[in-house]
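Single-letter residue listing:
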Amino acid sequence: MASRLAPTLKPFLRAQQSASSANGHGAFVPQVRKVVFEFCDNWASSTNLRTYIHNHLEGLARQNPHVEFVVRRRSHREPVIRGFYVNNRDKVIGLKDFEVNGIKQKVQLLLDSSGAKIKPLKRDSVVSRTEAARGIWSGLHVEEPFRI
């Protein structure tokens, strides 16, 4: 008389345990798409950027295959790097008087940033959509003017 009841639960397979991928989950989408190095061949202020390009750019390009690196000559101009981002914004950093390590840090800053506008950390004042319960106070609307 031992009748077996059919199990009410379905078997839990291992393939069902994986989560479906979502934006930011399981895949990282880098925000920078292009970095442009602009320098002058003759000016002394571009010497450190030329050194950085000669010694470090190939390794940087191998570490970041998702980024397009462009080297451009600009005659009689100060050295700059420009980062172009997925959200159609760009950031420009001047590299005049920077050492090679400083240039390396600025390039890493462009690679790590999101391209969003820089927002101040200080909070804005509160703006209400509705008028205050007592109304807006004005010294012109009182019966007796304010005296000092």
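The structure this text deals with has already been given above.
A few points on the structure.

Quick notes on the rules
Residues numbered from 1 in each chain as written. Predicted model: local features only at pLDDT ≥ 70, side-chain atom pairs only at ≥ 80, totals over all residues. Heavy atoms only, no water. Helix = DSSP H or I, 4+ residues; strand = E, 2+ residues; numbered from the N terminus. Buried < 20%, exposed > 50% of the residue type's maximum accessible area, 1.4 Å probe, protein only. Contact = heavy atoms within 4.5 Å. Polar contact = N/O pair within 3.5 Å; in protein donor to acceptor, adjacent residues only side chain to side chain. Axes fitted to C-alpha atoms, helices over the stretch in contact; angles between N-to-C directions. Parallel < 35°, antiparallel > 145°, perpendicular 65-115°, else oblique. Left-handed = near helix turned anticlockwise from the far one by under 90°. Nonpolar A, V, L, I, M, F, W, Y, C, P; charged D, E, K, R; others polar.

A tally of helices and strands in the chain yields two helices and four strands. Sequence-ordered secondary structure for the chain, helices as α and strands as β, is β-α-β-β-β-α. Counting the 148 residues in the chain, one finds 22% classified as buried. The contacts of the chain with a sequence gap of at least 6 include a subset with a gap of at least 24, amounting to 67%.

Looking at the element boundaries, Ser113 is found in the segment after helix 2 (100–112). Ser113 gets classed as buried once you look at its relative accessible area, which sits at 16%. Polar contacts involving the side chain of Ser113 include one to the side chain of Tyr85, which spans 2.7 Å. Leave out the neighbours within four places in its chain, and Ser113 touches Gln31, Tyr85 and Lys91.

The next subject is the environment of Asn88. Residue position: Asn88 is located in the loop between strand 3 (80–85) and strand 4 (90–94). For Asn88, a relative accessible area of 70% corresponds to the exposed category. Distance in space between the C-alpha atoms of Asn88 and Gly115 is 8.3 Å, their sequence separation being 27 residues.

Attention now goes to the environment of Val80. Along the chain, the position of Val80 falls in strand 3. Accessibility expressed as a relative area gives 11% for Val80, which makes it buried. Here the alpha-carbon distance between Val80 and Val92, two residues twelve residues apart in the chain, equals 6.8 Å. Leave out the neighbours within four places in its chain, and Val80 touches Val36, Phe37, Glu38, Leu49, Arg74, Val92, Ile93, Gly94 and Leu95.

With that out of the way, let us pick up the packing of helix 1 (residues 47–63) against helix 2. One can describe the packing of helix 1 onto helix 2 by two numbers: an axis separation of 10 Å at closest approach and a directional angle of 50°. If you check the angle between helix 1 and helix 2, you find them oblique. The way helix 1 lies across helix 2 gives a crossing that is right-handed. Mapping the contact onto sequence places Asn48, Leu49, Thr51, Tyr52, His56 and Leu60 in helix 1 and Val100, Ile103, Lys104, Val107 and Leu111 in helix 2. A breakdown of the residues in the contact of helix 1 with helix 2 according to their chemical character gives seven nonpolar, three polar and one charged.

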